[in-house]
Protein chains: 6
Amino acid sequence: MSDFDTGLPSIRQVQTYTQDKQPVEIKLLTNDILVGTVFWQDHNCICLQDEGQQPILVWRQAIAYLKPKS
Amino acid sequence: MSDFDTGLPSIRQVQTYTQDKQPVEIKLLTNDILVGTVFWQDHNCICLQDEGQQPILVWRQAIAYLKPKS
Amino acid sequence: MSDFDTGLPSIRQVQTYTQDKQPVEIKLLTNDILVGTVFWQDHNCICLQDEGQQPILVWRQAIAYLKPKS
Amino acid sequence: MSDFDTGLPSIRQVQTYTQDKQPVEIKLLTNDILVGTVFWQDHNCICLQDEGQQPILVWRQAIAYLKPKS
Amino acid sequence: MSDFDTGLPSIRQVQTYTQDKQPVEIKLLTNDILVGTVFWQDHNCICLQDEGQQPILVWRQAIAYLKPKS
Amino acid sequence: MSDFDTGLPSIRQVQTYTQDKQPVEIKLLTNDILVGTVFWQDHNCICLQDEGQQPILVWRQAIAYLKPKS
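From a predicted model like this one, the values you see are computed outputs, not experimental measurements.

Rules behind the numbers
Residues numbered from 1 in each chain as written. Chains lettered and ligands numbered in written order. Predicted model: local features only at pLDDT ≥ 70, side-chain atom pairs only at ≥ 80, totals over all residues. Heavy atoms only, no water. Contact = heavy atoms within 4.5 Å. Buried area = accessible area lost by both parts, 1.4 Å probe. Salt bridge = Lys/Arg side-chain N within 4 Å of Asp/Glu carboxyl O. Least-squares fit on C-alpha atoms with pLDDT ≥ 70 in both. Helix = DSSP H or I, 4+ residues; strand = E, 2+ residues; numbered from the N terminus. Buried < 20%, exposed > 50% of the residue type's maximum accessible area, 1.4 Å probe, protein only. Lys, Arg positive; Asp, Glu negative; His and termini not counted. Polar contact = N/O pair within 3.5 Å; in protein donor to acceptor, adjacent residues only side chain to side chain. Arc of directions from axis to C-beta. pLDDT = per-residue confidence, 0-100. UniProt positions renumbered as here; feature names shortened; annotations may be inferred. Nonpolar A, V, L, I, M, F, W, Y, C, P; charged D, E, K, R; others polar. Pairing = 2+ DSSP bridges.

### Remarks on the interface of chain E and chain C
Taken residue by residue, the interface counts 26 residues in chain E and 18 residues in chain C. Taking both sides of the interface into account, the surface hidden between chain E and chain C amounts to around 1,700 Å²; carbon and sulfur atoms contribute 59%. Across the contact surface, chain E and chain C share one salt bridge. We note a salt bridge from Asp32(C) to Lys27(E), for which the minimum N-O separation is 2.6 Å.

### Thoughts on the arrangement of the chains
Considering only C-alpha positions, the minimal separation of the non-contacting chain C and chain D is 14 Å. You won't find any contact between chain B and chain F; their C-alpha atoms come no closer than 11 Å.

### Thoughts on the relation of the copies chain B and chain A
Superposition record for chain B on chain A: RMSD 0.0 Å, screw rotation 60°, translation along axis 0.0 Å. When the rotation and shift are considered jointly, the pair of chain copies conforms to a six-fold rotation axis. Taking C-alpha positions as reference, the residue of chain B nearest the rotation axis is Leu29(B), located at 6.9 Å.

### With respect to the side chain of Asp50(C)
By the secondary structure assignment, Asp50(C) is in strand S3 (residues 45–50). One buried charged side chain, Asp50(C), makes no salt bridge at all; its nearest oppositely charged neighbour is Lys67(E), positioned 5.0 Å away. A polar side-chain atom of Asp50(C) sits 2.8 Å from the main-chain amide nitrogen of Gln54(C).

### Looking at the relation of the copies chain E and chain C
For the pair of chain copies, the relating operation is a rotation around an axis with a shift along it. If you rotate chain E by 60° and push it 0.0 Å along the axis, it lands on chain C with an RMSD of 0.0 Å. An asymmetric contact is evident, with only 15% of the interface residues of chain E recurring at the interface of chain C.

### With respect to helix H1 (residues 9–19) of chain C
Residue and element names in this part refer to chain C. Those residues of H1 lying buried are Ser10, Ile11, Gln13, Val14, Tyr17 and Thr18. For H1, the angular spread of the buried residues around the axis is 160°, confining them to a single face. Of the residues one or two after H1, Lys21 is the one with positive phi, at around 50°.

### Re the confidence of the model for chain A
Low-confidence regions, as indicated by low pLDDT, have predicted coordinates that should not be scrutinised in detail. Averaged over every residue, the pLDDT of chain A is 94; the share at 70 or more is 96%. What the predictor reports for the complex is a pTM of 0.95 with an ipTM of 0.94.

### Section: the side chain of Lys67(A)
Tracing the chain through its elements places Lys67(A) in strand S5 (residues 63–68). This buried residue, Lys67(A), is left without a salt bridge; Glu25(A) holds the nearest opposite charge, at 4.3 Å. Excluding anything up to four places from it in sequence, Lys67(A) contacts Val24(A), Glu25(A), Gln54(B), Pro55(B) and Ile56(B).

### What to know about the UniProt feature "domain: Hfq-related" (unreviewed entry) in chain A
Using the residue numbers shown here, the UniProt feature "domain: Hfq-related" (unreviewed entry) corresponds to residues 8–68 of chain A. Between the end C-alpha atoms of residues 8–68 of chain A there is a gap of 19 Å, over a span that is 18% helix and 51% strand.

### Looking at the interface of chain B and chain A
Between chain B and chain A, the residue contacts involve 18 residues of the former and 26 residues of the latter. Counting each side, the surface lost to burial between chain B and chain A is near 1,700 Å², with a carbon and sulfur contribution of 59%. Where chain B touches chain A, the interface holds one salt bridge. The interface formed by chain B and chain A contains eight residue pairs in polar contact (both at pLDDT 80 or more). Of all the secondary structure elements, the ones that give two or more residues to the side of chain B that touches chain A are strand S2 (33–41) and strand S4 (55–59) of chain B. Of all the elements, S4(B) adds the most residues to the side of chain B that touches chain A, at five residues. Classifying every residue of the side of chain B that touches chain A gives eleven nonpolar, five polar and two charged. Note: S5(A) against S4(B), two bridges, orientation antiparallel. Each bridged residue has a counterpart across the sheet, and for Tyr65(A) the counterpart in S4(B) is Val58(B).

### Section: the pairing of strand S4 (residues 55–59) of chain C
All names here are of chain C. Among the five residues in S4, four count as buried, and that is most of the element. Pairing geometry for S3 and S4, over five bridges, is antiparallel. Along S4, the bridge assignment pairs Gln49 with Pro55. From the end of S3 to the start of S4, which pair antiparallel, there are four residues, and Gln53 there has a positive phi angle of about 65°.

Next comes the structure, spelled out in structure tokens:
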């Protein structure tokens, strides 16, 4: 099974947040917390649109956790 | 053998905690400690329901250890 | 699917920045932020030309996120 | 060769500590040092029984080194 | 494509520095900066000769970036 | 090519240190520096005998660099 299998619950969950334009928080291994809405996702990255509408290419390898913005 | 082989003791152990709704602590490589109950797990993530019932997608790659909440 | 599949949106996005000579910021897992223009990219690295026109071979494994220079 | 090949000296060494109930120290990439006896090991994890007899699922990916408890 | 494909621009760039005995700086994920000339490179490591002519086996997995010594 | 190919210069270099009982320093991603002689190496680990003759199983994944003890 490849990491980016669209049948996986985790990929579908991010897809739902994308479609719903649900603001999310992404905590990185650098301890950065990025806030924005998911623009799209692929095998390597999640493209986040930050609050200034700027696209941030977040490398999946650097993600610790992702959750809806509280 | 893929990392997410449901025959593995480690996957089964998390499955048991899931079914028993056993509160767990997950220590991340960021030194965060997340507390909650496991909602589900897949190849890439463990979905934790935190104490505010919010789903947190925890990337397996960022996990140091997991244990029952003391 | 290999990580460096030029059909991936994330690879194409970096390719666009390369062609447009768009200055970018690359945040690394070391918490360094490198600024420059993307010279080229391959399976392992992104070659960044810094503001002193020097080539920096950035290992993909060390990247947290990449975005247009604000 | 898969990482979890029971013919590997490193897997056998941990197996010996397991059978001998040899207390060990596991240093993690988080700089935590976990102390206990190895309960079992699999492809992804080493299950450590800490001094309170609690099972800790230690992700192999987070291990820096393992040695007999001095 | 394997990570160590000598057709890759990134591998060739390091090869050029090796042949030219170009002093380089290698920034590691530990935040160390190693300075020296590349002696040789293989699938797992870059062998750097430091300023005391000592060989340092640098694990590729630990590299953040590499650039000519400024 | 597997990471642990005994034809690789980096594997052979560690093998030479092993046979010569050459004391080495291993710098880890945790910033620990372990000192000792290499007892053996395999696909996952390098077994170091520290100055107290104790075997330390060092996970290859945690190694930044290795060099002869200065």
